[in-house]
Amino acid sequence: MAAAAAAVCRRSPALLLRRQLLVRLLSTQTQIQTPSTPAELSRLKSSIRDAATGPDALASLFLSGLPHPAFLADRPLFALSVHRLASAGRRDLVASILSSSLTALPKPHPSEGFLLRLISLYSAAGMPDHSLTAFRLVDPPSDRALSALLSAYHDNRLYDRAVKAFNTLPAELSIKPSVVSYNVLLKSLVASGDVSAARTVFDEMPDKASIQPDIVSCNEILKGYLNTGDDAAFDALLKEITGPKRRLKPNVTTYNLRMAALCAKGRSFEAEELLDAMGAKGVPPNRASFNTVIKGLCKEGEVGAAMALFRKMPEVPRQNGTGVSPNFETYIMLLEALVNKRVFGPALEVCKECLQNKWAPPFQAVKGLVQGLVKSRKAKQAKEVFMAMRKVVKGDAKEEWTKVEAEFPLLLADKKA
């Protein structure tokens, strides 16, 4: 069998390259006892998810689970493992577990879908060169793989490499780029600041590639105009989108960009009106929609309106239920703006909710809130904030928080932990 495989490789340079790439990716792994029952596999997964599991132990557990199809199919566990190892600075272990996963596949060659996962996972770990290696294994080469590789370069801010890959790989590998790959190219050009080049590609897509730009394409160009402050070009393209030339339906990103443009001009109340308008058009606002308008209102000093909008978030009708959840950014924008405006009641409400989610707000904002509460004769509430912060602040930040507490000795005199 080995001799036959070698003979095939000699006759086919492409297969030989593929074989060499597979060998390059494969790494030596320690033989570990693999779980033999579903219960053992479940315990293994729990151990991987355990934050106390160190990088080396995590990698060993991961490798022992690879023979199980259910383990190979667990995308969230793959993503979590890669994130944990990359965060610990162990990209060597990322390479080990992902390359070893190739040998555990039930088929003799990895599927396109699995290789696309590897491209994305290597990208998430900050290893775009490994993404390229995984891309080279896709046989036959495909537009899906190309768009995944371009995204890997974009997500790692290697915009020039994304542009170069788009300009060279399709011709080299006989790939016909789709609108998806073109959109990643547009995104990379805009992110690099070359909006003019992005617009040129956008305009040439129909003639050069027989591809009509879609709403995602338009959004990327709108984003470029927003970033450069080109209001006239932004408004002109916005009219084109729904006009007879393109007849496209704006999506939530389109509306968010419109709202961001209005907020940038100090017209946040008009942006807020769009929240209702987009819902009426069948495009439910998302968290980014609310954060955009709340940020604009806070910047204009309209903290009352921002707080009212914040309270509306749980009531927004959506296709799969009701409500939009605030995130850390939402809380911080509001808390800082409310404290700056000395509106301490609502600021306390926002701070408490943030702490309930186990998010520690910026120390200066909390300090300002506590000072305001003390001056307002609300020492009890101020103490409660301090006690809640002690539970949420972790790691090296504890020392800095202790310094903040030290500025309020009388307030905490009877609450030493």
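Just above sits the structure.
No experiment lies behind these values; they were computed from the predicted model shown.

S.K.: How would you sum up the overall build of the protein chain? Please name residues and give values.
M.R.: Counting its regular elements, the protein chain contains 24 helices and 2 strands. In the protein chain, once contacts between residues fewer than 6 apart in sequence are set aside, the share between residues at least 24 apart is 62%. Within the structure as shown, the protein chain displays about 21700 Å² of accessible surface, and the carbon and sulfur contribution to it stands at 53%.

S.K.: Lay out the pattern of salt bridges with the relevant residues and their values.
M.R.: Scanning all chains against the criterion turns up 19 salt bridges. Two residues, Glu405 and Arg390, come together in a salt bridge whose shortest N-O distance is 2.7 Å. Of this pair, Glu405 sits in helix α24 (residues 397-405) while Arg390 is found in helix α23 (residues 379-392), placing the two residues 15 residues apart along the sequence. Here Glu405 falls in the buried class, since its relative accessible area comes to 11%.

S.K.: Residue-level account of unusual backbone geometry, with values.
M.R.: Of the consecutive residues Asp139 and Pro140, the connecting peptide bond is found in the cis state with omega at 0°. Turning to its location among the elements, Pro140 is positioned in the loop between α9 (128-137) and α10 (143-155). At Arg342, a position not held by glycine, the phi torsion is positive, near 60°. In this structure, Arg342 sits in the loop between α20 (328-340) and α21 (344-356). Positive phi is not limited to glycine here, since Lys358 has a value of about 65°. Turning to its location among the elements, Lys358 is positioned in the loop between α21 and α22 (363-375).

S.K.: Explain the packing of aromatic side chains to me, and be specific about the residues and the numbers.
M.R.: Under the definition given, this model contains 11 aromatic pairs. Seen in terms of ring centroids, Phe78 and Phe114 are 6.4 Å apart; in terms of plane orientation they differ by 85°. Their pairing is edge-to-face. Within this pair, whereas Phe78 is found in helix α6 (residues 75-87), its partner Phe114 is found in helix α8 (residues 112-124), the two being separated by 36 residues in sequence. Comparing Phe78 with Phe114, the two get one shared label, buried. Through successive ring pairs, a cluster of aromatic residues spans Phe62, Phe71, Phe78 and Phe114. Lying over the aromatic face of Phe78, Arg117 brings its terminal NZ or CZ to 4.7 Å of the ring centre.

S.K.: I'd like a rundown of a positive patch on the surface, residues and numbers included.
M.R.: A cluster of basic residues, Lys358, Lys391, Lys394 and Lys398, forms a positive patch at the surface. Mapped onto the elements of the fold, Lys394 is located in the loop between α23 and α24.

Cut-offs applied
Residues numbered from 1 in each chain as written. Predicted model: local features only at pLDDT ≥ 70, side-chain atom pairs only at ≥ 80, totals over all residues. Heavy atoms only, no water. Helix = DSSP H or I, 4+ residues; strand = E, 2+ residues; numbered from the N terminus. Contact = heavy atoms within 4.5 Å. Areas by Shrake-Rupley, 256 points an atom, 1.4 Å probe, with all protein chains shown as cover. Salt bridge = Lys/Arg side-chain N within 4 Å of Asp/Glu carboxyl O. Buried < 20%, exposed > 50% of the residue type's maximum accessible area, 1.4 Å probe, protein only. Phe/Tyr/Trp six-rings, centres within 6.5 Å; stacked < 30°, edge-to-face > 60°. Lys NZ or Arg CZ within 6 Å of the ring centre and 35° of its normal. Patch = residues over 30% accessible without salt bridge, like charges linked within 9 Å, V, L, I, M, F, W, Y side chains within 5 Å. Lys, Arg positive; Asp, Glu negative; His and termini not counted. Charge placed at Lys NZ, Arg CZ, Asp CG, Glu CD.

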